[in-house]
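# Analysis of the macromolecular model
One-letter residues, chain by chain:
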Amino acid sequence: MSADDRLKVVARHLGVGKNVFHTSIAMQLCSSENKTSDTAQGGVVLPQIGPSSDARKPRRSKPVKSVIPKNRQELLKWNGWGYKDSKFVVENGIVSFTGNRYAIGNLSLPYFTEWVLEKFDVDLNSGKIADPVPKQDNFPSPIVDAGFLDELHCLQISFSLDGVDRLIRSHGHTLHDIFILREGTFERIPDIVAWPESHDAVVNLVQLAEKHDIVIIPFGGGTSVSKAVSCPREETRTILSLDTSQMNRILWLDQENLVACCEAGIVGQDLERELGQQGFTSGHEPDSYEFSSLGGWVATRASGMKKNVYGNIEDLLVHVRMVTPSGVLEKSCQVPRMSCGPDFNHVILGSEGTLGVITEVIIKVRPLPQCKKYGSIAFPNFESGLLSMREVAKQRCQPASIRLMDNEQFKFGQSLRPVPGYFGLLLDGLKKIYITKIKGFDVNQMCVTTLVFEGDPKDVEHQEKKIYDIAAQYGGIPAGEANGERGYMLTFVIAYIRDLAMEYNIVGESFETSVSWDRTLSLCNNVKHRLKKECEAAGIRHFMISCRVTQTYDVGSCVYFYFGFKWNGVGNPVTTYEHLEELARDEILASGGSLSHHHGVGKLRMRWFPSQVSKLGVELYRATKRQLDPKNIFANGNISKQNL
Ligand SMILES: Cc1cc2nc3c(=O)[nH]c(=O)nc-3n(C[C@H](O)[C@H](O)[C@H](O)COP(=O)(O)OP(=O)(O)OC[C@H]3O[C@@H](n4cnc5c(N)ncnc54)[C@H](O)[C@@H]3O)c2cc1C
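Residues numbered from 1 in each chain as written. Predicted model: local features only at pLDDT ≥ 70, side-chain atom pairs only at ≥ 80, totals over all residues. Heavy atoms only, no water.

## Details of the site of the ligand
Formally: The near set for a molecule or strand comprises every residue that places at least one heavy atom within 4 Å of it. Think of a polar contact as two N or O atoms within 3.5 Å of one another; within protein, one of them needs to be a possible hydrogen donor and the other a possible acceptor, and neighboring residues in sequence only count if both atoms come from side chains. We get accessible surface area from the Shrake-Rupley algorithm with a probe of 1.4 Å; when it comes to residues, only the shown protein chains can shield them. Throughout, the ten residues Ala, Val, Leu, Ile, Met, Phe, Trp, Tyr, Cys and Pro are labelled nonpolar, Asp, Glu, Lys and Arg are labelled charged, and all others, Gly among them, are labelled polar. Domain extents, as shown, originate in an automatic or database domain assignment.
Around the ligand, the surrounding shell holds 37 residues, and the nearest of these are Pro218, Gly220, Thr223, Ser288 and Ser293. Backbone polar atom of Glu352 to an oxygen atom of the ligand: 2.9 Å apart, as the coordinates give it. The contact in question runs from a nitrogen atom of the ligand to an N or O atom on the backbone of Ile358, over 2.8 Å. When the free accessible area of the ligand is taken as 970 Å², the share hidden by the protein chains comes to 96%. Residue composition of the shell around the ligand, grouped by class: 15 nonpolar, 20 polar and two charged. Mapped onto the domain boundaries, the shell around the ligand takes at least three residues apiece from domain 1 (3-34 + 133-246) and domain 3 (250-367).

Here it is, written out as structure tokens:
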């Protein structure tokens, strides 16, 4: 009887789930195995490019207790965004938000209900509930080689062949992913999920995969919006989803040099809580930070909302280790800067799981800010808001975050309130009279900038003054802290809306770009105009297209679009959406925008990759791939066709 068969028997005896094996059981068996395999227990030591830079520092061995359990489906939705207890629901014809995790929790939203009815003309009494989680028998049987399983048991890495475990790691959060979860079937899901608990375990696992020709897809928080974690449908080899969630220790915190060494699987909210308890912050806060991981941020070149103070992930990253089939890529020292040929950190940043597994990251940390303040400014129109933002960037006095919403988004944000005056809203009472009657703003033109200030109270005060002075030159009026705070709170809640929308045949999602200042306004207008025209041509009568400028730089901005429409019943709504988003992307590129500011390429935007980086750039990427992963073990198919 093979070790695999024996394990199954032992697992059954112990009452362990059909296909789930645990380290402790495996260990008992492997310890009695005759270990002749070169990968057994401890595995082959991969060549290391330079010694680990932090060899002198004592390392913490205790994992961080994550908010998100190893069995993710206990807490998170299996077919939608976020926590199971938090969602938009319709009760007696009125939309409300459940749970108490967010400020709009347990409140009914009559204005939002009105907005939905007006914008999309839906019948709120006829919602379409998604299919329940598939039964175990409905999952494709995993293709897993017994020899591989035998050796995996011996590596002390826990793994699962369970259908639901595999399904929830087969996708990210594109419209396509969620639609399939609700109404269809994925053509390919991983065959096995493994949870290594350390860098060394990953080294062993990668070596084993190389030996058995197994495909590895690294999985962090699964918040990808580029189809980056999905399995290529034509892949015939075994696909292993390498879930990094159990590698989540903060190995050390160096208060002198203000850096922390963390394992790559730690998710944003855990990282911030743990650092915060010691008086520090990384300051990296992408809108997905509750669920996305440090390794995922590096692998996708993520951008956080407070990048003006703390930097984007590439600014925060000091040192990184990536396990590839050819060895461990890392620098030999942990220094602020090096002039030592091309910077290989930048080979790892944005590699999207195609070159190896990021296992440990040393990031900058800062003491928690003494002062955090919100703010908002109303502008008569988008152009004036944008000019003001440009001036703020020119004078380099950006607060931690500055975001400009267009009129559509401003009105939508205003609708997400429970009762008049609840959050000191802009369009209520005296403020509305002041803004519209006295200042003459048109409610259908005006826009709002939201602000987050962080730092020393004196610096914040100075910055506030400077920004409100600049805004005044462009007709901007301070609109209060409550509006600003609410705007940022809504950032986290908005992601939940699509699940409700899909119950009423409304499909949509967001996409983003970066663009120079001189072309920002025209890009926003062109994309909106194009989508409006295309919707009309496709007979789509009810749609929303809006944008906001979310990041500012010396030379340009980042723009985020939200696009959704009520499906008219013709064709497949996702195919229609994807076609329209493709047209929007063409328009973005024609208007001088980039393929992506922070969502990455994945499989979704692969077709434009060569036009962004040149033919030679593609060849350079492929040569790197060949060098680091000659057998294409990391065959998730992202970035560029991997016909090596
Ligand atoms: C609601 C919402 C809001 C978002 N807001 C932002 C935002 O503000 N800013 C932003 O930048 N992005 C944002 N995103 C996109 C997404 O959260 C980021 O791309 C994030 O960095 C992905 O991290 P993850 O841990 O979820 O990675 P995953 O989705 O698990 O993986 C993404 C890619 O990285 C690879 N990968 C993951 N971990 C590793 C690892 N350890 N080693 C090697 N490869 C790895 C995967 O194979 C995959 O190719 C948002 C997404 C959603 C759904």
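## A closer look at helix α3 (residues 110-120)
The criterion, for reference: Accessible area is worked out with a 1.4 Å probe on protein chains only. A residue is then buried under 20% of its type maximum, exposed over 50%, and partly exposed in between. Each helix is a run of H or I in the DSSP string that is no shorter than four residues. Each strand is a run of E no shorter than two, and both are numbered from the N terminus. As used here, the arc belongs to the directions running from the helix axis to the C-beta atoms.
Buried within α3 are the following residues: Phe112, Thr113, Trp115, Val116 and Phe120. Considered in projection along α3, the buried side chains sweep an arc of 160° and stay on one side of the axis. Turned more than 90 degrees off the buried face of α3, the exposed positions are Glu114 and Glu118. In the segment just after α3, Asp121 is the residue with positive phi, at about 50°.

## With respect to the side chain of Arg486
Looking at where Arg486 falls in the secondary structure, it is placed in helix α17 (residues 481-494). On the basis of relative accessibility, which here comes to 4%, the residue Arg486 falls in the buried class. Among the polar contacts listed, one links the side chain of Arg486 to the backbone oxygen of Gly413, at a separation of 3.0 Å. One polar contact links the side chain of Arg486 to the main-chain carbonyl oxygen of Leu416, over a distance of 2.3 Å.

## Considerations on the state of the cysteines
For the record, the criterion: By definition, disulfides here are pairs of cysteine sulfur atoms that lie within 2.5 Å.
Applying the stated criterion across every chain, the model contains zero disulfides. This cysteine, Cys261, is not joined by any disulfide, and Cys262 carries the nearest cysteine sulfur, 6.6 Å off. Unpaired in this structure, Cys333 has its nearest cysteine sulfur neighbour in Cys340, at a distance of 7.7 Å.

## Notes on the pattern of salt bridges
Put simply, the test is: Only one rule defines a salt bridge in this text: a Lys or Arg side-chain nitrogen within 4 Å of an Asp or Glu carboxyl oxygen.
As enumerated under the stated definition, the model contains 35 salt bridges in all. Note that Asp586 and Arg607 form a salt bridge whose closest N and O atoms lie 3.9 Å from each other. Of the two residues, Asp586 is situated in helix α20 (residues 573-590) and Arg607 in the loop between α20 and α21 (609-628); the sequence distance between them amounts to 21 residues. Salt bridges linked by common partners bring Arg59, Arg321, Glu330 and Glu360 together as one network.

## Thoughts on the pairing of strand β8 (residues 239-243)
Threshold: Any two strands are treated as partners once DSSP identifies two or more bridges connecting them.
The buried count for β8 comes to five of five residues, which makes it a mostly enclosed element. By the alternation rule, side chains of β8 split into Ile239, Ser241 and Asp243 and Leu240 and Leu242, which are all buried. Two elements, strand β6 (residues 192-195) and β8, share three bridges in a ladder whose sense is parallel. Pairing of Val193 across the sheet is with Ser241, part of β8.

## Here's the deal with unusual backbone geometry
Its identity as a non-glycine residue notwithstanding, Lys227 has a phi of 60°, on the positive side. Residue placement: Lys227 occurs in the loop between β7 (215-219) and β8. At Glu352, a position not held by glycine, the phi torsion is positive, near 55°. Relative to the assigned elements, Glu352 resides in the loop between α12 (345-348) and β14 (357-364).

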